[in-house]
Amino acid sequence: MEWMGAVIILTVTTLGGFEIASRFKKRPGHIRQWKNALQLIEAEMVYGQSSLWEVCDTLSRHLPMPVAGFFEQLQKEQDGCREFAVLWESMMKKHWPWNAMGKTELEILLQFGRTLGQHNLEQQQKQIQLTIHHLDRVLQEALEVGEQYQKMARGMGVLSGLLVIILII
């Protein structure tokens, strides 16, 4: 019976470590999705002269999850929207757990949401380019440290399970 418990503990902690490692692996991909979203926003607003709601509709249909889900929900909430920046922030915080990104990326995207729709097209394009630049910087960091932290998270999952088993026995 003790061995059954030990195997269960080791399995659970190992799976936890692998789950954390998968978030590190997904982080660069999610950052790239947001960069693509910003580029589409720029194209739709600057060149297509689309409204924010039309842009949200287009993005919800053309981007992969979880970013598409964010824009889909944003568009659904447009009827009760008085201020776009407030809606952007609330939806961003609501959908953030579905992303594999960190607080730095959240702050970058929240700051972008505060400026979205507040400027003329030329200024808006500059804001989009600035946000893409910030995401590029964060993407480089995510690529550099991602592999290292993936290995560490998997190892810590296994080792923490072994430690708990040793302490219990």
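Residues numbered from 1 in each chain as written. Predicted model: local features only at pLDDT ≥ 70, side-chain atom pairs only at ≥ 80, totals over all residues. Heavy atoms only, no water.

**Q** Quick question: what am I supposed to make of the pattern of salt bridges here?
**A** Oppositely charged side chains are able to pair whenever their charged atoms sit close together. Evaluated as defined, the whole model comprises 7 salt bridges. Here aspartate 136 makes a salt bridge to lysine 35, at a shortest N to O gap of 2.3 Å. Of this pair, aspartate 136 sits in helix α6 (residues 121-168) while lysine 35 sits in helix α1 (residues 2-47); the two residues are 101 residues apart in sequence, bridging distant segments of the chain. Accessibility expressed as a relative area gives 28% for aspartate 136, which makes it partly exposed. Exposure remark for lysine 35: the relative accessible area of 15% places this residue in the buried category. Of the charged contacts in the structure, one is a salt bridge between aspartate 57 and arginine 61, with a shortest N-O distance of 3.0 Å. (Salt bridge = Lys/Arg side-chain N within 4 Å of Asp/Glu carboxyl O. Helix = DSSP H or I, 4+ residues; strand = E, 2+ residues; numbered from the N terminus. Buried < 20%, exposed > 50% of the residue type's maximum accessible area, 1.4 Å probe, protein only.)

**Q** Would you mind showing me how to read helix α3 (residues 67-76) here?
**A** For the α-helix, the turn length of 3.6 residues means that residues three or four positions removed from each other point alike. Most of α3 sits inside the fold, with 7 of its 10 residues counted as buried. Every buried residue of α3 is listed here: Val67, Ala68, Gly69, Phe70, Phe71, Gln73 and Leu74. Those residues of α3 hidden inside the fold are in contact with α1, α2 (52-62) and α4 (84-95). (Contact = heavy atoms within 4.5 Å.)

**Q** Is there a simple way to explain the side chain of asparagine 99 in this structure?
**A** Position of asparagine 99 relative to the elements: it lies in the loop between α4 and α5 (103-115). Note on asparagine 99: relative accessible area 4%, which makes it buried. Excluding anything up to four places from it in sequence, asparagine 99 contacts Arg23, His30, Trp34 and Pro66.

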